[in-house]
Amino acid sequence: MKNELDTKLMLDAYERIQTHGEARQGRHYLDGIEAYTDHDGYTVFLEGYGVTLTLQFHSSYHLNYENESQVDKFIRAVKNIADGYETPGYER
């Protein structure tokens, strides 16, 4: 991947998916992105468009994907979620 991910943006999108997404079996879904955590809540997962992002404690991360176009679609979708949904009590 050419650029580093903005982990703050990814966590912001995760929170918005949790707030505005559809809950199914302990996971939340919004605009093609699935969000969930591991059993202790320290690892956040975002999945969609053939990409799995594992965001770990201290903002380290791992991306699993087959090609760059999948990553581009995934990043666009996550940015749209982070920018397009308002979280009550949260001001930018």
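Residues numbered from 1 in each chain as written. Predicted model: local features only at pLDDT ≥ 70, side-chain atom pairs only at ≥ 80, totals over all residues. Heavy atoms only, no water.

What follows is about the side chain of Thr54. The residue Thr54 is located in strand 5 (residues 51–55) in this model. For Thr54, the contacting residues outside a window of four places in its chain are Thr43, Val44, Phe45, Ser60, Tyr61 and His62. (Helix = DSSP H or I, 4+ residues; strand = E, 2+ residues; numbered from the N terminus. Contact = heavy atoms within 4.5 Å.)

Looking now at the packing of helix 1 (residues 7–20) against helix 2 (residues 68–84). It is the contact of helix 1 with helix 2, at a shortest axis distance of 8 Å, that shows an interaxial angle of 65°. Every pair of crossing elements has a handedness; the one defined by helix 1 and helix 2 is left-handed. Side by side, helix 1 and helix 2 meet where Leu9, Met10, Asp12, Ala13, Arg16 and Ile17 of the first sit next to Ile75, Val78, Lys79, Ile81 and Ala82 of the second. Broken down by class, the residue content of the contact of helix 1 with helix 2 amounts to 8 nonpolar, no polar and 3 charged. (Axes fitted to C-alpha atoms, helices over the stretch in contact; angles between N-to-C directions. Left-handed = near helix turned anticlockwise from the far one by under 90°. Nonpolar A, V, L, I, M, F, W, Y, C, P; charged D, E, K, R; others polar.)

So, about helix 1. Counted at 1.5 Å a residue, the expected span for helix 1 with its 14 residues is 20 Å, and the 20 Å between its end C-alpha atoms agrees. When helix 1 is considered as a whole, its buried residues turn out to be Thr7, Leu9, Met10, Asp12, Ala13, Tyr14, Arg16 and Ile17. On its buried face, helix 1 sits against strand 2 (27–30), strand 3 (33–37), strand 4 (44–48), strand 5, strand 6 (61–64) and helix 2. Looking at where helix 1 begins, the residue whose side-chain oxygen comes 3.1 Å from the main-chain nitrogen of Lys8 is Asp6. (Expected span 1.5 Å × (residues − 1). Buried < 20%, exposed > 50% of the residue type's maximum accessible area, 1.4 Å probe, protein only. Polar contact = N/O pair within 3.5 Å; in protein donor to acceptor, adjacent residues only side chain to side chain.)

Just geometry here; none of it tells us what the structure is for.
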